Amino acid sequence: MRRLAPVLRQDGVDTDLISLIKTILAACKEISFRVGQGELAGVLGSTLDENIQGETQKKLDVLANELLKDMILETGVVKAISSEEEDYTVAGNPEGRYLVTFDPLDGSSNTDINSLIGTIFSILPARADVDAADAAQFLQPGTAQIAAGYVLYGPSTMLALTTGKGTKLYTLDKTYGGFLLTQEEVAVPGVTAEFAINMSNQRHWQPGMQAYVADLLEGKPGPRGKNFNMRWIAAMVGDVHRVLCRGGIFMYPSDTKDPNKPNKLRLMYEANPMSFLVEQAGGLSSTGYQRIMEIEPTDIHQRVAVILGSKHEVETCLKYHQS
Ligand SMILES: O=P(O)(O)OC[C@H]1O[C@](O)(COP(=O)(O)O)[C@@H](O)[C@@H]1O
Ligand SMILES: [Mg+2]
Ligand SMILES: [Mg+2]
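Given the structure is predicted, the values throughout are model-derived calculations rather than measurements.

*Asks:* Just checking my understanding: could you explain the sheet that holds strand S3 (residues 78–83) for this structure?
*Replies:* Sheets are built from strands that pair by backbone hydrogen bonding, the pairs being arranged parallel or antiparallel. Within the open sheet, the eight strands sit side by side as S4-S3-S5-S6-S7-S8-S9-S10. Their pairing is mixed. Each having just a single partner strand, strand S4 (90–91) and strand S10 (178–183) make up the two edges of the open sheet. In this structure, S3 lies alongside S4, joined through two bridges in antiparallel fashion. By the bridge assignment, Ile-81 is partnered in S4 with Val-90. With respect to the sheet, helix H6 (residues 267–280) is in contact with S3, strand S5 (98–106), strand S6 (117–125), strand S7 (147–153), strand S8 (157–162) and strand S9 (167–173), its orientation differing from that of S6 by roughly 85 degrees.

*Asks:* Sorry if this is basic, but what is going on with the domain arrangement of the chain here?
*Replies:* Accessible area lost during the coming together of the parts is what is often quoted as the interface size. With domains assigned, the chain is organised as domain 1 (4–183) and domain 2 (194–319). Summarising the inter-unit geometry, the C-alpha centres of domain 1 and domain 2 are found 23 Å apart. Taken together, the contacts link 34 residues of domain 1 with 29 residues of domain 2. At the level of elements, S5, S6, S7 and S8 are the ones that each hand at least two residues to the side of domain 1 that touches domain 2. When residues in the side of domain 1 that touches domain 2 are grouped by element, the largest group, five residues, is from S6. Class assignment for the residues of the side of domain 1 that touches domain 2 results in 14 nonpolar, 17 polar and three charged.

*Asks:* Hey, could you run me through the sheet that holds strand S11 (residues 194–196) in this one?
*Replies:* Strand order in this open sheet of five strands is S12-S11-S13-S17-S15, and the pairing throughout is mixed. Each of the sheet's edge strands pairs with one partner strand only, and the pair in question is strand S12 (229–230) and strand S15 (284–286). As judged from the three bridges shared by S15 and strand S17 (residues 306–309), these two strands associate in the antiparallel manner. Looking at the pairing, Leu-284 lines up with Gly-309 of S17. Sheet contacts for H6: S15 and S17; angle to S17, the most-contacted strand, approximately 25 degrees.

*Asks:* What's the story with the site of ligand 1 in this structure? I'm lost.
*Replies:* Every residue lining ligand 1 is accounted for by Glu-84, Asp-103, Asp-106, Gly-107, Ser-108, Asn-198, Ala-234, Ala-235, Met-236, Tyr-252 and Lys-264. The residue makeup of the shell around ligand 1, split by class, is four nonpolar, three polar and four charged. The residue makeup of the shell around ligand 1 includes at least three contributed by each of domain 1 (4–183) and domain 2 (194–319).

*Asks:* What is the right way to read the packing of helix H5 (residues 236–246) against H6 from this model?
*Replies:* To characterise two packed helices, one gives the angle between the axes of the helices and the distance between these axes. In the contact formed by H5 and H6, the axes pass within 11 Å of each other and the chain directions differ by 10 degrees. The orientation of H5 with respect to H6, classified from their angle, is roughly parallel. Across from Met-236, Val-240, Val-243 and Leu-244 in H5, the residues of H6 making contact are Glu-270, Met-274, Leu-277 and Val-278. Residues of the contact of H5 with H6, tallied by class, amount to seven nonpolar, no polar and one charged.

*Asks:* Would you mind showing me how to read the nonpolar core here?
*Replies:* Ranked by internal contacts, the top residues of the largest apolar core, which has 89 residues, are Ile-24, Val-78, Tyr-98, Val-100, Val-237 and Val-306. Two domains each donate at least three residues to this core, and these are domain 1 (4–183) and domain 2 (194–319). Among residues more than four places away in sequence, those in contact with Tyr-98 are Leu-20, Val-77, Val-78, Lys-79, Ile-123, Leu-124, Pro-125 and Ala-126.

Thresholds, definitions, all that
- Residues numbered from 1 in each chain as written.
- Chains lettered and ligands numbered in written order.
- Predicted model: local features only at pLDDT ≥ 70, side-chain atom pairs only at ≥ 80, totals over all residues.
- Pairing = 2+ DSSP bridges.
- Helix = DSSP H or I, 4+ residues; strand = E, 2+ residues; numbered from the N terminus.
- Contact = placed C-beta atoms within 7 Å.
- Axes fitted to C-alpha atoms, helices over the stretch in contact; angles between N-to-C directions.
- Domains from an automatic or database assignment.
- Nonpolar A, V, L, I, M, F, W, Y, C, P; charged D, E, K, R; others polar.
- Near = placed C-beta within 6 Å.
- Parallel < 35°, antiparallel > 145°, perpendicular 65-115°, else oblique.
- Core = buried A, V, L, I, M, F, W, Y, C linked by C-beta atoms within 7 Å.
- Buried ≥ 20, exposed ≤ 12 C-beta atoms within 10 Å, placed from the backbone.

Here you go:
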């Protein structure tokens, strides 16, 4: 099986970017080790703090964030980082060629129940004429991403990675200590009978989403003419991994539950990197009204509605948003 660096070299990825990706993965391997130790590593449970978005921080959120931040900034090729767990962007080397955004720990509510969690990251180009401390440099659409990926801390630790030449899956070989290529060309099946959505929010969705999911639930006798199954891992990283592996549609639509927070998922840390991975595997990703990767961000902590996955199913869902 092939190691990561030679695969990246073959895809034409330059040396600085390879070493940056390897550094991110070194941090993820450390997180994977601590996650695997669970209660024994003393990393479960919450801190007394909240992040800027008012969410309680888990000990693992903080640990993963510190590991990633410190190791990425030490590479010297990164101009600044932006993290879900940092109120503000953090400046690195003013000469750095890259910007990195990350969700250090996705699926925080799963940490204490030994369920799926992961790390999501995205790499953007830095601009030479912008100050390293300027948060505005991060406000680039997802189409500008140079690379994106996630590391899933599951029964095995897996990496999904794209540098714009398809999406590849790697598995961490814990005996050798590195990621080995286990699926070269991920292809999301265009047709699916599996959906993922938090059904408990149903009454708060907009009419288009209400109508779409109602038709899925009607099953074979209904307008879709087939039975659908449902899955919900409560960690986007786990749900998107399933979509990459066997297709499906994953949705976190806008809702009216909290008028100050119509959307849950973050554009820079979750939606853009996952959209890049899914599109590179032949799937689609939209807010319902716009391709996610074409959104011009206005805030580093911005949130968006997400509908992604199997091409034909996403297209069907989007039709319900037109009327
Ligand atoms: O509480 P819900 O509605 O199940 O939300 C689950 C969603 O929240 C998230 O966990 C948010 O991520 P964080 O754990 O990074 O805050 C997504 O990964 C997931 O899809
Ligand atoms: Mg998350
Ligand atoms: Mg998180």
